[in-house]
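# Notes for the structure review
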Amino acid sequence: MYDLQDKNILVTGATGLLGRPLVEKLLGRGASVLGVGYEDEPADWNEAADYCQCDLFDPDDIEYALDEADEIDCVFHLAGAKGGVGIGRKRAADFIHANMQCTINLLEGLQAATFGDPLPRFLFTSSVGAYPGDRTVFVEDQLEAGPPHESDYFGGYAKRFGEVLCKAYREQYGLDYVVVRPTNCYGPYDRFDHATGMVIAALIARLEAGETPLKLWGDGYQRRDFLYSKDCAEGMIRAMERGESGEAYNLGTGVPMSLREVISALASKYSVTTETDTSKP
């Protein structure tokens, strides 16, 4: 059991969907938290946690953020490019570059900052999108049994690369790390944008904009496992506390829902008709 109380913890992607509830939960565990994000400190940021604006594409920014921190005991690495089905194909190169480069820069910065001392315990946030696209049940040791689904092909491989990078740092530098692979998350601080948001946030944005009929990609019967952001944050903490070094853990509910069921759950607030587009993935 890795006790987080009184630990100095760095959280990347701290202002986002998963970062905000994670910071709150870590503070509740009695940890000291430094959150980093690409934007200015949010107006509603919890003053019990420190915050540093940091561009993970810039090694100098990372060096500055690490200098601002006390000695770091562990890192929750959440930052990376995110988006729903389709955006990962339109911005394929952006997804690969963003997810790979920020992880490379962060690990290189941590390696330089430790001066040969052991690296902090590290949690890498991967995704179920990294699993083979022909699977409906995801088993942790079957990640490389086939390519990711074509709709998330580049983002899936970028996440796989992040996992391989952690493994390489373990081989060469003894990095003590765990990987989590969350399912489709939703909740406060999501990106409520119809073009770039994850599925539930994007649907809400389109409903708020008055789109009718609401166009669904596919036939609407595709099933996914949706996970509330606060529950995902709790899963991340438990993986850090209890996870075996070098192992990966799925985070999900195990209860799949169809897109039509999601629309039905939202229909109590929005009066809307739907139209399917089976030409889309």
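The structure reproduced in this document is the subject of the present report. (Residues numbered from 1 in each chain as written. Predicted model: local features only at pLDDT ≥ 70, side-chain atom pairs only at ≥ 80, totals over all residues. Heavy atoms only, no water.)

## Details of a negative patch on the surface
Formally: What goes into a patch is any residue over 30% in relative accessible area without a salt bridge, connected to like charges within 9 Å or, for nonpolar side chains (Val, Leu, Ile, Met, Phe, Trp, Tyr), within 5 Å. In these tables, accessible area is a Shrake-Rupley quantity obtained with a 1.4 Å probe, and a residue counts as shielded only by the protein chains included in the view. A side-chain nitrogen of Lys or Arg and a carboxyl oxygen of Asp or Glu constitute a salt bridge if their distance falls within 4 Å. Note on charges: Lys and Arg go in the positive column, Asp and Glu in the negative column, and His and the chain ends are not counted at all. Charge coordinates come from a single atom per side chain, which is NZ of Lys, CZ of Arg, CG of Asp or CD of Glu. Here a strand is any run of E in DSSP of at least two residues, a helix any run of H or I of at least four, and the numbering for each starts at the N terminus.
Side chains of Asp40, Glu41, Glu47, Asp50, Asp60, Glu63, Asp67, Glu68, Asp70, Glu71 and Asp117 sit close together on the surface and give a patch of like negative charge. Sort the elements by how many residues they give to the negative patch and helix 2 (residues 59-68) lands first, with four residues. Its location among the elements puts Asp67 in helix 2.

## Description of the pattern of salt bridges
Filter applied, for reference: Burial classes: relative accessible area under 20% of the type maximum marks a residue as buried, over 50% as exposed, and values in between as partly exposed (1.4 Å probe, protein chains only).
Scanning all chains against the criterion turns up 10 salt bridges. Linking Glu234 and Lys25 is a salt bridge whose minimum nitrogen-to-oxygen distance equals 3.4 Å. One end of the pair, Glu234, is in helix 7 (residues 229-242); the other, Lys25, is in helix 1 (residues 19-28), with 209 residues separating them in the sequence. With relative accessibility at 15%, the residue Glu234 sits in the buried group. The partly exposed category is assigned to Lys25, whose relative accessible area is 25%. It is possible to trace a salt-bridge network through shared partners that takes in Lys25, Arg29, Glu234, Arg238 and Glu241.

## With respect to the side chain of Asp225
To be explicit about the condition: Here a polar contact is taken to be a pair of N or O atoms separated by no more than 3.5 Å, where protein atoms must pair a possible hydrogen donor with a possible acceptor and residues adjacent in sequence count only if both atoms sit in side chains. Between two residues, a contact is recorded if the distance between any of their heavy atoms is within 4.5 Å.
Here Asp225 lies in strand 9 (residues 223-228). Engagement of the side chain of Asp225 in a polar contact is seen with the side chain of Thr253, the distance being 2.8 Å. At a separation of 2.6 Å, a polar atom in the side chain of Asp225 contacts the main-chain amide nitrogen of Gly254. In contact with Asp225, not counting residues within four places along its chain, are Thr183, Asn184, Gly252, Thr253, Gly254, Val255 and Pro256.

## Examining the packing of helix 4 (residues 92-114) against helix 5 (residues 153-173)
Operational definition: Comment: axis = line fitted to C-alpha atoms, over the contacting stretch for helices; angle = value between 0 and 180 degrees taken between N-to-C directions. When describing relative orientation, an angle under 35 degrees is termed roughly parallel and one over 145 degrees roughly antiparallel, while 65 to 115 degrees is termed roughly perpendicular and anything else oblique. Note on convention: near helix rotated counterclockwise from far helix by under a right angle means a left-handed crossing. Clockwise means right-handed. When residue character is reported, Ala, Val, Leu, Ile, Met, Phe, Trp, Tyr, Cys and Pro are called nonpolar, Asp, Glu, Lys and Arg charged, and the others, Gly included, polar.
Packing of helix 4 against helix 5 brings their axes to within 8 Å, and their N-to-C directions diverge by 20°. Our classification of the angle between helix 4 and helix 5 gives roughly parallel. Relative to helix 5, helix 4 is oriented so that their crossing is right-handed. Contacts between helix 4 and helix 5 involve Ala92, Phe95, Ile96, Asn99, Met100, Thr103, Ile104, Leu107, Glu108 and Gln111 from the former and Phe154, Gly155, Ala158, Lys159, Phe161, Leu165, Tyr169 and Tyr173 from the latter. Among the residues forming the contact of helix 4 with helix 5, the class breakdown is 12 nonpolar, four polar and two charged.

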